[in-house]
Structures are given as C-alpha cells and as structure tokens.
Amino acid sequence: MTDIARSADGCLDAVRALCQTVETLLDEPASEEGLVTAMSHYQTVHDTLTGSRPSADTQAALSRVEQFIIASADAYFRQQPDGITPSLDESQHMALFGRHLMALDGIGPATAKQLFALGIFTPEQLFALSEEALDTLDLPPASRARVASVHQAHRMPAPD
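Cut-offs used in this document
- Residues numbered from 1 in each chain as written.
- Predicted model: local features only at pLDDT ≥ 70, side-chain atom pairs only at ≥ 80, totals over all residues.
- Heavy atoms only, no water.
- Axes fitted to C-alpha atoms, helices over the stretch in contact; angles between N-to-C directions.
- Helix = DSSP H or I, 4+ residues; strand = E, 2+ residues; numbered from the N terminus.
- Parallel < 35°, antiparallel > 145°, perpendicular 65-115°, else oblique.
- Contact = heavy atoms within 4.5 Å.
- Nonpolar A, V, L, I, M, F, W, Y, C, P; charged D, E, K, R; others polar.
- Salt bridge = Lys/Arg side-chain N within 4 Å of Asp/Glu carboxyl O.
- Buried < 20%, exposed > 50% of the residue type's maximum accessible area, 1.4 Å probe, protein only.

**Points about the packing of helix α6 (residues 109-117) against helix α9 (residues 141-155)**
Part 1 of the reasoning: The contact between α6 and α9 brings their axes to 10 Å, and the two run at 90 degrees. By the angle between their directions, the pair α6 and α9 is classed as roughly perpendicular. Residues Thr111, Gln114 and Leu115 of α6 pack against Ser143, Arg146 and Val147 of α9.
Part 2 of the reasoning: In terms of residue class, the contact of α6 with α9 is built from two nonpolar, three polar and one charged.

**Examining the pattern of salt bridges**
For side chains bearing opposite charge, pairing can occur when the charged atoms are close.
Part 1 of the reasoning: Summed over the entire model, instances satisfying the criterion amount to two salt bridges.
Part 2 of the reasoning: A salt bridge links Arg16 to Asp13; the nearest nitrogen and oxygen atoms lie 3.2 Å apart. Highlighted residues: Arg16 and Asp13, both in helix α1 (residues 3-27), separated by three residues, approximately one helical turn.
Part 3 of the reasoning: Note that Glu66 is salt-bridged to Arg99, the shortest N-O span being 3.0 Å. Taken together, the residues span a long stretch of sequence, with Glu66 in helix α3 (residues 56-78) and Arg99 in helix α5 (residues 99-102) at a distance of 33 residues.
Part 4 of the reasoning: Using a relative accessible area of 27% as the deciding quantity, one classes Arg99 as partly exposed.

**Some thoughts on the packing of helix α4 (residues 90-97) against α6**
Part 1 of the reasoning: Two elements in contact, α4 and α6, have axes whose closest approach is 11 Å; the angle formed by their N-to-C orientations is 75 degrees. In terms of axis orientation, α4 runs roughly perpendicular to α6. Touching Glu90, His93, Met94 and Phe97 of α4 are Pro109, Ala112, Lys113 and Phe116, all from α6.
Part 2 of the reasoning: Classifying every residue of the contact of α4 with α6 gives five nonpolar, one polar and two charged.

See below:
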C-alpha cells in the first residue's frame, strides 16, 4: 500500500470515528467521555484534512461539527448537578472546548469561561453580536473591555 493510500485510509477511519461519535451525541444523552472522544476525533479529522487543503465546503462542514460538539459540551456541563465534579479540570475543559475563543488576541481562559457562561462558544457567535448586545453582556469590566476590543478589531476593515 502506498503512503497516499495509507493516508486516505487513515483519514476515512478518522471521519468514520467522528461520524459515529457525533451520531452518539445526537441519539443518546451526552457524557463527558463521549464529548472528549468526539472532540478528539474532530481534531484528528481536522489535522488530517488540513494537510490536504480541504475545500471551503469541507472546512465549513467541519466547523459546524465542531460547533455542535462545543454546544453539546456546554449543555452537558450546565445540566450537571452542583457538587458533581467533572473529570476534566477547568484548564482541560477550556483547552478542548474553548480554544477558538482563546485564540483571539486578548481572550484568555477566564474571559473564555465567562463567555461560555453567557452561551458564547465560538468567535463567530461573538462577532455576530451587535454593539448593543455586546454592551449588555454581564461581564466584569476588564473582560468587557477585552471582548469589546476584540469585537471592534474584527469589525475594522483590513488596510489596503
């Protein structure tokens, strides 16, 4: 078997595993283990396909899958009763599910966690907010300033 065929087989296996974990999230109550597995499979598919320059449609589909996993994780962790300690510590949780927000210049783990608490899981959701909606977010002043700065920078046109 050639390296290309081996790579294609590996990619197909990763896609199948991702599909199976997403189907499980759709059909059964989420579990922490299932969410971590889904995100791990997503990351494997993303990393594998990124090297082969996927089409814009493929990238958009992968982005929607990731957003679904992140939203499922948020719903799962919100519905956990008080006193139940997840196996993921806060830094692991944010590394898995908050990395896109933390990739924004000025957004760290604390601000990402605050945004998660407000139902904002992705940069796209943040950037879709109007200025008025942004002003009403219940954030500490320092976090509000960072989020407003990131939001404003995104809205500015790129120089020619």
